[in-house]
Amino acid sequence: MTKRRALGQHFLRDSGIARAIVDLVAPTARDRVVEIGPGDGALTGELSRRVGQVTALEVDRDLAARLRARALPGVDVLDADARVWDYGALVRPAGGRVLVVGNLPYSVGKPILEALVTARTAIDEMALMLQREVAERLAAPPGSKVYGSLSVLTQLYCDVRVALRVPPAAFRPPPKVDSAVVHLRVLPSARVALDDERRFHTVVRAAFGQRRKMLANALAAGLGLPLDAVRAASALAGIDPRRRAETLTIDEFGALASRLSRSVSE
């Protein structure tokens, strides 16, 4: 099995969709763009015509060599794994932005996304192709069936919207699922002021760890805290402990995480 097949990669072949994806971040010659998973270069060619500096990350050495041989102006092709590449080391060009564009392989889309969000202070905007259900989960509002920890921990730092829906026929070979492109604008600071950012992440993941349970039960199990203590902390945060995680807003998760942190330290 080739590396590209193992990653579940499908190559974009529709030039109109490639243009639409690049249009989402509206790059200029002053910007620096990191492209993830260039594959056959459909997005790379479009970026090369519009951007001064493109860094293309390709884990498949054969694909990287073929793209490098095209010698596209302003494009630097790296043999790199996008899951672990150091996005945090990116430096904004004078008067420009750092943009990330890519067709993320379905099997590793979430870890790449998590790496990008972790490095958010070095990035301004992103346009990312994902499996449609993952894209919709990212942008889901509270109360949605697909709203979960991925939604909260991405929307905490970014404005997120599903910008384009892409049919299987736009790829070679066609995948068995639909795809979508999400547009993310990194916020200047977290959407909610947090006492302890790591604690917030832990609380959110615990709340959704057993999403069919009432909030207090899920948190007690996930955090290893007494149920009575979690109920009391929830009540002090103004949140009914009988609610379920998918009904809480990001602000409510912030209040709950803050109150739970105080309860643990008291």
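A brief report on the enclosed structure follows. Here, residues in each chain are numbered from 1, in the same order as that chain's written sequence. Residue-level local features of this predicted model are given only where pLDDT is at least 70; pairs of side-chain atoms are given and counted only at 80 or more, and the full residue set underlies all totals for whole chains, interfaces and linings. As a rule here, side-chain values cover all heavy atoms of the structure and leave hydrogens and water aside.

Considerations on the overall build of the protein
Link 1 in the chain: In terms of regular secondary structure, the protein is built from 11 helices and 9 strands.
Link 2 in the chain: Throughout, radius of gyration means the C-alpha value; the globule benchmark is 2.2 Å times the number of residues raised to the power 0.38. Computed over C-alpha atoms, the radius of gyration of the protein comes to 20 Å, within 12% of the 18 Å expected from 2.2 N^0.38 for 266 residues, which places it in the range of a compact globule.
Link 3 in the chain: Seen through its principal axes, the protein has C-alpha atoms that stretch 65 × 40 × 30 Å.
Link 4 in the chain: Throughout, exposure labels follow a simple rule: accessible area from a 1.4 Å probe, protein chains only, divided by the maximum for the residue type, with under 20% read as buried, over 50% as exposed, and the rest as partly exposed. The proportion of buried residues among the 266 residues of the protein is 49%. Labels follow the DSSP assignment, with helices taken as runs of H or I lasting at least four residues and strands as runs of E lasting at least two, numbered in each case from the N terminus.

Here's the deal with the layout of surface pockets
Link 1 in the chain: With a 1 Å grid spanning the protein atoms alone, the term cavity applies to any set of points in which a 1.4 Å probe fits but cannot get out, the term pocket to an open set with protein on both sides within 12 Å along at least five of seven lines, and the term lining residue to any residue with an atom within 4 Å of a point. Grid points are joined across faces, edges and corners, and a volume is the space filled by probe spheres set on the points. Of the voids in this model, the largest pocket is the one considered here, and its volume is about 280 Å³.
Link 2 in the chain: Forming the walls of the largest pocket are 14 residues, and the residues nearest its centre are Glu 114, Ser 149, Leu 150, Leu 153 and Arg 205.
Link 3 in the chain: Breaking the lining of the largest pocket down by element, the ones donating at least two residues are α5 (109–118), α7 (149–155) and α8 (197–209).

Re the pairing of strand β2 (residues 32–36)
Link 1 in the chain: Along β2, 5 of the 5 residues are buried, which leaves the element largely enclosed by surrounding structure.
Link 2 in the chain: Following DSSP output, two strands are said to pair if at least two bridges run between them. In the sheet, β2 pairs with strand β3 (residues 53–58) via 5 bridges, with the strands oriented parallel. The residue bridging Ile 36 from the neighbouring strand is Leu 57, located in β3.
Link 3 in the chain: Crossover handedness is defined here as right-handed if the route from the first strand over the helix to the second strand goes clockwise, with the strands pointing away from the viewer. Once you follow β2 into helix α3 (residues 42–50) and on to β3, the crossover reads as right-handed.

Remarks on unusual backbone geometry
Link 1 in the chain: Cis geometry marks the peptide bond from Arg 172 to Pro 173; its omega dihedral reads -10 degrees.
Link 2 in the chain: Within the chain, Ala 26 stands out as a residue other than glycine whose phi angle is a positive 45 degrees.
Link 3 in the chain: Along the polypeptide, Ala 26 turns up in the loop between α2 (15–25) and β2.
Link 4 in the chain: Not every positive phi belongs to a glycine, and Ala 71 is a case in point at roughly 50 degrees.
Link 5 in the chain: With respect to the secondary-structure elements, Ala 71 resides in the loop between α4 (61–69) and β4 (75–79).

Comments concerning α5
Link 1 in the chain: Among all positions in α5, only Gly 109, Ile 112, Leu 113, Ala 115, Leu 116 and Val 117 are buried.
Link 2 in the chain: Tucked into the core, α5 has its buried residues touching β2, β5 (98–103), β6 (125–131), α6 (132–139) and α7. The contact definition used throughout considers only heavy atoms, calling two residues in contact when any of these lie within 4.5 Å.

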